[in-house]
Amino acid sequence: MFTEKHHAEFAAIPPYSFALSVRKPAGWWWSTPTEVFENNTLWTTARLENRLYGLRLQGTGTSRKPVVACTVFSDKTLNETEKDYVSRTLERALGVKEDLRDFYSMACKDDILRKTVDDLHGMRTVAWPELFPALILAVTLQMAPMKRSNQMMNLLIENFGDHITFDGKSIAHWPSPDKIASLPVSELKEKAKLGYRALNLNCIAQALEKGFPTSEELAAMPSDDAKEQLMTLRGIGDYSAEIVMPGMRFPLDVWSAKIFSVLFHAKVPDKPRDAIAELKKLGEERWGKWRGHAFVYVLNDLQRISKRVGVDLTIF
DNA sequence: GCGTCCAGGTCTACC
DNA sequence: GGTAGACCTGGACGC
């Protein structure tokens, strides 16, 4: 029985939009695809240090003093160490301490970003609560159209994930690394339709089981070191590491390369995969340390940017 | 209904 | 160090 076991409130550095931060326009989830968002409140789940928690996160406060109220549901009592860890993880993953003001100062002078930061005022970037679900996302995005990636992710949750009910909501959560590590690769292939990715995901889960830095530890590392660590995992290359990395970089794939090519060069490249390196370089030169922010803001504002540039960027 | 092609990368062998 | 080719498989597409 999952009942209320802990409560914490976090003051966010303004501007902060809770709704845009946890429910991004591009449609990505904050923690799990089955989470529920109603009335500026998110009911979701997270597995922290091998324990699954139910979470009710609510954006409160005022625009000058934004606050996120977090209620934690569990089937066991939390000791003080566990409460601290859960609180730290929520604070980090909600991005409440992420200061957007310097990014907005830069963006106001940039033709691509100027209106986008108004459109998405107060939206935080991406800081995954847990590492393994972010790695699952990265692996299932590889060499597959979105429909097929979603199919693989949904089958993983359906067949091997966990389901909890709390606060009147029923939420399904990603499988744990130990569950995926213990499964035969053939079963992963067959039931989750992972194809060649089954072996990679199984090896990643085993590496995490043997001991690997947590999201929190990766976030505390210099970003190059965090990326290097992630790229030691089988099936995690440059793009996947940058998707998973705390704070994000500029993880261009074929899809986003087409979008940024239209924005930089006003045309879709003949061979998008071959254009990635040059576009990454341009993004880094143009936005420097804010390239991750620019990436997230642009990809979450495609409808409005499309109208402004006169090209439908949502069809790629 | 059937055959073909290819997708929101990564790894490896080969030069 | 640079690069072609293989990798699973489901869905889109042409016929």
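Calculation notes
Residues numbered from 1 in each chain as written. Chains lettered and ligands numbered in written order. Predicted model: local features only at pLDDT ≥ 70, side-chain atom pairs only at ≥ 80, totals over all residues. Heavy atoms only, no water. Helix = DSSP H or I, 4+ residues; strand = E, 2+ residues; numbered from the N terminus. Salt bridge = Lys/Arg side-chain N within 4 Å of Asp/Glu carboxyl O. Buried < 20%, exposed > 50% of the residue type's maximum accessible area, 1.4 Å probe, protein only. Pairing = 2+ DSSP bridges. Axes fitted to C-alpha atoms, helices over the stretch in contact; angles between N-to-C directions. Contact = heavy atoms within 4.5 Å.

Caption draft 1: Focus on the environment of Ala 107. With respect to the helices and strands, the residue Ala 107 is situated in helix α3 (residues 101-107). For the pair Ala 107 and Ala 294, spaced 187 residues apart in sequence, the C-alpha separation works out to 8.3 Å.

Caption draft 2: View of the pattern of salt bridges. With the rule as written, the count across this model stands at 22 salt bridges. Two residues, Glu 187 and Lys 191, come together in a salt bridge whose shortest N-O distance is 3.1 Å. Taken together, the positions of Glu 187 and Lys 191, both in helix α8 (residues 185-192) and four residues apart, correspond to about one turn of that helix. Here Arg 304 and Asp 301 are joined by a salt bridge, their closest N and O atoms 2.9 Å apart. Residue classification places Arg 304 among the partly exposed residues on the basis of a relative accessible area of 38%. Shared partners join several salt bridges into a network, and the residues in it are Asp 119, Asp 301, Arg 304 and Arg 308.

Caption draft 3: The arrangement of the sheet that holds strand β2 (residues 36-38) in detail. Sheet architecture is open: five strands sit in the order β1-β5-β4-β3-β2, paired in antiparallel fashion. At either end of the open sheet lies a strand with only one pairing partner, and these are β1 (3-11) and β2. Here the strands of the sheet are splayed against their neighbours by 25° on average, with no regard to which way each runs. Of the strands in this sheet, β1, β3 (41-48), β4 (51-61) and β5 (66-74) are in contact with helix α2 (residues 80-94), which crosses β1 at around 45°.

Read these as geometric descriptors, not functional statements.
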